[in-house]
Amino acid sequence: MSNGNMKLTLKVWRQKNAQTPGKFVTYPAENISPDMSFLEMLDVVNEGLTHKGDEPINFDHDCREGICGMCSLYINGHPHGPKRGITTCQLHMRTFHDGETITIEPWRAEAFPIVKDLAVDRSAFDRIQQAGGYVSVNTGGVPDGNAIPIPKVIADEAFNSATCIGCGACVAACKNASAMLFVSAKITQLGLLPQGQPERYRRVQSMVAQMDEEGFGSCTNTGACEAECPKEIKLTNIARMNNDFFSAKLFREEDVHEQGH
């Protein structure tokens, strides 16, 4: 890591909890290396705050490798920052300029209540997943699973959908705080595969119902979710989910399966 030579101004949202009003607080960030990740920069700032006896900035983080989706920060008007296809922990300070002011906020959504400062409660996603994001078919070991022929185009689509890390950037980017991209990705990754067929229509109805119960907004197809998704999940998943949802509503599930749809 190169010697620190950046001086920045941070406008950070500070809030004790969901019931307490929050506000922006300005902090200097000095001696910041351009090779630092954004979270490493916050670590340096927090170290300085702790040294002065001030309360450090609370933010979520875990793997710091772009896999877990915990680093949910809204940076200068963008979920995960200004660069596309990366999470906050993969965002490096060389993206910014010396002397720049950086505004850092939490996800803004009724379904994601603030825990403290920049950390939000995203357990709504867990409850949606628990409502139907699973298969009950025993696929056996790896050789048995591989014995099921799946066209490559279908396997690729399912795999691409499965790359969703559930970070919530789609919700944060949407003007209606819709979770449709997340839910459709989780439905698609299972619904395209043979193992996911027995529960295909029950799954989509259950997960959509849970999504609505959690208080997420409606999709208006502006495409902000796809543009800001760090894993670049496609809007086509939403179309596929809607197709399954309306199919399940038009026919009884047993009839749909009997007709081979």
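How each quantity is defined
Residues numbered from 1 in each chain as written. Predicted model: local features only at pLDDT ≥ 70, side-chain atom pairs only at ≥ 80, totals over all residues. Heavy atoms only, no water. UniProt positions renumbered as here; feature names shortened; annotations may be inferred. Helix = DSSP H or I, 4+ residues; strand = E, 2+ residues; numbered from the N terminus. Pairing = 2+ DSSP bridges. Contact = heavy atoms within 4.5 Å. Axes fitted to C-alpha atoms, helices over the stretch in contact; angles between N-to-C directions. Patch = residues over 30% accessible without salt bridge, like charges linked within 9 Å, V, L, I, M, F, W, Y side chains within 5 Å. Areas by Shrake-Rupley, 256 points an atom, 1.4 Å probe, with all protein chains shown as cover. Salt bridge = Lys/Arg side-chain N within 4 Å of Asp/Glu carboxyl O. Parallel < 35°, antiparallel > 145°, perpendicular 65-115°, else oblique. Left-handed = near helix turned anticlockwise from the far one by under 90°. Nonpolar A, V, L, I, M, F, W, Y, C, P; charged D, E, K, R; others polar.

In the nomenclature of an unreviewed UniProt entry, the protein is known as Succinate dehydrogenase/fumarate reductase iron-sulfur subunit of Mucilaginibacter angelicae. We quote the UniProt Sequence similarities (unreviewed entry) comment for the protein here in full: "Belongs to the succinate dehydrogenase/fumarate reductase iron-sulfur protein family."

Trainee: Could you give an account of the environment of G215, naming the residues involved and the relevant values?
Mentor: Structurally, the position occupied by G215 is in the loop between α7 (200–214) and α8 (224–228). As a C-alpha pair, G215 and S178 span 37 residues in sequence and 8.9 Å in three-dimensional space.

Trainee: Run through the sheet that holds strand β5 (residues 101–105), naming residues and quoting values.
Mentor: Strand order across the open sheet formed by 5 strands is β2-β1-β5-β3-β4, with mixed pairing between neighbours. Among the strands making up the open sheet, the edge pair consists of β2 (23–32) and β4 (78–79). As judged from the 2 bridges shared by strand β3 (residues 74–75) and β5, these two strands associate in the antiparallel manner. Residue pairing for β5: I75 is matched across the bridge by I104. Where helix α1 (residues 38–51) meets the sheet, it contacts β1 (6–14), β2, β3 and β5, and its direction lies at approximately 100° from that of β2.

Trainee: So what's going on with a nonpolar patch on the surface? Which residues, and what values?
Mentor: A grouping of F246, L250 and F251 is seen on the molecular surface, where their side chains present a nonpolar patch of about 350 Å² in accessible area. Structurally, the position occupied by F251 is in the loop between α9 (236–250) and α10 (253–258).

Trainee: I'd like a description of the packing of helix α6 (residues 180–191) against α9, backed by residues and values.
Mentor: Where α6 meets α9, the axes come as close as 8 Å, and the angle between the chain directions of the two elements is 70°. Taken together, α6 and α9 sit at an angle that is classed as roughly perpendicular. With respect to the hand of their crossing, α6 and α9 are arranged in left-handed fashion. Here M180, L181, V183, S184, A185, I187 and T188 of α6 lie close against α9, whose contacting residues are N237, I238, R240, M241 and N242. Residue composition of the contact of α6 with α9, grouped by class: 7 nonpolar, 4 polar and 1 charged.

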